[in-house]
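Fold and geometry: a report
The lines below spell out each chain.
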Amino acid sequence: MPTQIIAWESELAGLLAELSDIQTELLSVLSDKRHRLLTSDTLAMEALRSREEELIGRLQACQERRLELLAQAAAEGLPANDLKSLAAALPLSQRKNLSPKLREATARMRLLQHHSLTNWVLVQRTLIHLSQVLEIIATGGRLQPTYEKDDSARSGGFLVDRAA
């Protein structure tokens, strides 16, 4: 039995090390992408695409490995809800080594979510701005009232100029 527990620790440590590498690289790519978005450097953003795709592939492989580990843990009667519960089933000496790595991976995932959301908001604001620029170009800079049926809004001051 102790050999299996050591195997679990090394399997979890290996998975967390790979996840940490991927997360660190992904944070770098997202920061670089945000900088490229701010400077409108589309050529550099295009160059980031291959790096992003490679990281996505690595992240998917990491997720598959995680699912396999959890399925194997369930088959052996160990907790298999998530990696934290699996690590918690290990002896204290081995759990101590994994707990900080699990916390760091969780914190980096939150940071990745924050960076992704920031980039998404930046892109959405850019799209709104471009939409407004296109509308100005299309209308020649004149406001087009949404609910107006006739030209009465542009005829002048209704209360002052028109006699009733």
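Note that the structure is a prediction, hence the values are computed from the model and not measured.

Rules of the game
- Residues numbered from 1 in each chain as written.
- Predicted model: local features only at pLDDT ≥ 70, side-chain atom pairs only at ≥ 80, totals over all residues.
- Heavy atoms only, no water.
- Helix = DSSP H or I, 4+ residues; strand = E, 2+ residues; numbered from the N terminus.
- Buried < 20%, exposed > 50% of the residue type's maximum accessible area, 1.4 Å probe, protein only.
- Contact = heavy atoms within 4.5 Å.
- Areas by Shrake-Rupley, 256 points an atom, 1.4 Å probe, with all protein chains shown as cover.
- Expected span 1.5 Å × (residues − 1).
- Salt bridge = Lys/Arg side-chain N within 4 Å of Asp/Glu carboxyl O.
- Core = buried A, V, L, I, M, F, W, Y, C linked by side-chain atoms within 4.5 Å.
- Lys, Arg positive; Asp, Glu negative; His and termini not counted.
- Polar contact = N/O pair within 3.5 Å; in protein donor to acceptor, adjacent residues only side chain to side chain.
- pLDDT = per-residue confidence, 0-100.
- Bend = angle between axes of the 7 residues up to and from the residue.

**Regarding the overall build of the chain**
- What the chain contains, in helices and strands, is five helices and zero strands.
- Helices and strands appear in the chain in the N-to-C order α-α-α-α-α.
- The buried share among the 164 residues of the chain stands at 22%.
- Within the chain, contacts between residues at least 6 apart in sequence are counted, and of these 65% link residues at least 24 apart.
- Carbon and sulfur atoms provide 58% of the accessible area of the chain, an area that totals close to 11,600 Å².

**Structural notes on helix H4 (residues 92-139)**
- Its 48 residues place the ends of H4 70 Å apart at the C-alpha level, agreeing with the 70 Å of an ideal helix rising 1.5 Å per residue.
- If you check which residues of H4 are buried, you get Gln94, Leu98, Leu102, Ala105, Arg108, Leu112, His115, Asn119, Leu122 and Thr139.
- Positive backbone phi, approximately 70°, marks Gly140, located one or two places after H4.

**A look at the pattern of salt bridges**
- Per the stated rule, a full pass over the model turns up eight salt bridges.
- A cluster of three or more residues bridged by salt bridges with shared partners is formed by Glu18, Glu25, Glu54 and Arg58.

**What to know about the nonpolar core**
- Within the largest apolar cluster, 24 residues are counted, with the highest numbers of intra-cluster contacts made by Trp8, Leu12, Leu16, Leu83, Leu86 and Leu98.
- Among the elements of the structure, helix H1 (2-39), helix H2 (42-75), helix H3 (83-88) and H4 are those that each provide at least two residues to this core.
- Here Leu98 is in contact with Glu9, Leu12, Ala13, Leu16, Ala87 and Leu90, once residues within four sequence places are set aside.

**Remarks on unusual backbone geometry**
- Although it is not a glycine, Ser40 adopts a positive phi angle of roughly 55°.
- By the secondary structure assignment, Ser40 is in the loop between H1 and H2.
- For Ser40, a relative accessible area of 57% puts it in the exposed group.

**Remarks on the side chain of Arg108**
- Inspection of the secondary structure puts Arg108 in helix H4.
- Buried charged residue Arg108 carries no salt bridge. Nearest counter-charge: Glu104, at 4.3 Å.
- Within the local environment of Arg108, its side chain forms a polar contact with the side chain of Gln23, the two groups lying 2.9 Å apart.
- Once residues lying within four places of it in the same chain are set aside, the contact partners of Arg108 are Ser20, Gln23, Thr24 and Leu27.

**Some points on the confidence of the model for the chain**
- On average, the chain scores 85 in pLDDT, and the residues at 70 or more come to 83%.
- The secondary-structure element of the chain with the lowest mean pLDDT is helix H5 (residues 158-161), recorded at 50, while H2 shows the highest, at 92.

**Points about H2**
- Taking 1.5 Å as the rise per residue, H2 with 34 residues should run 50 Å; its terminal C-alpha atoms sit 49 Å apart, in good agreement.
- The sharpest bend along H2 reaches about 25° and sits at Arg49.
- Among the residues of H2, Leu48, Glu52, Leu55, Cys62, Leu69, Leu70 and Ala73 are the ones counted as buried.
- Among the residues trailing H2, Gly77 stands out with phi positive, at a value near 80°.

**What to know about the environment of Gln113**
- Here Gln113 shows up in helix H4.
- Residues Gln113 and Leu27, 86 residues apart in the sequence, show an inter-C-alpha distance of 9.7 Å.

**So, the environment of Leu122**
- Within the secondary structure layout, Leu122 lies in helix H4.
- Taking the C-alpha atoms as reference, Leu122 lies 7.7 Å from Leu37; in sequence the two are 85 residues apart.
- In this view, Leu122 contacts Arg34, Leu37 and Leu38; residues no more than four positions away in its chain are not counted.

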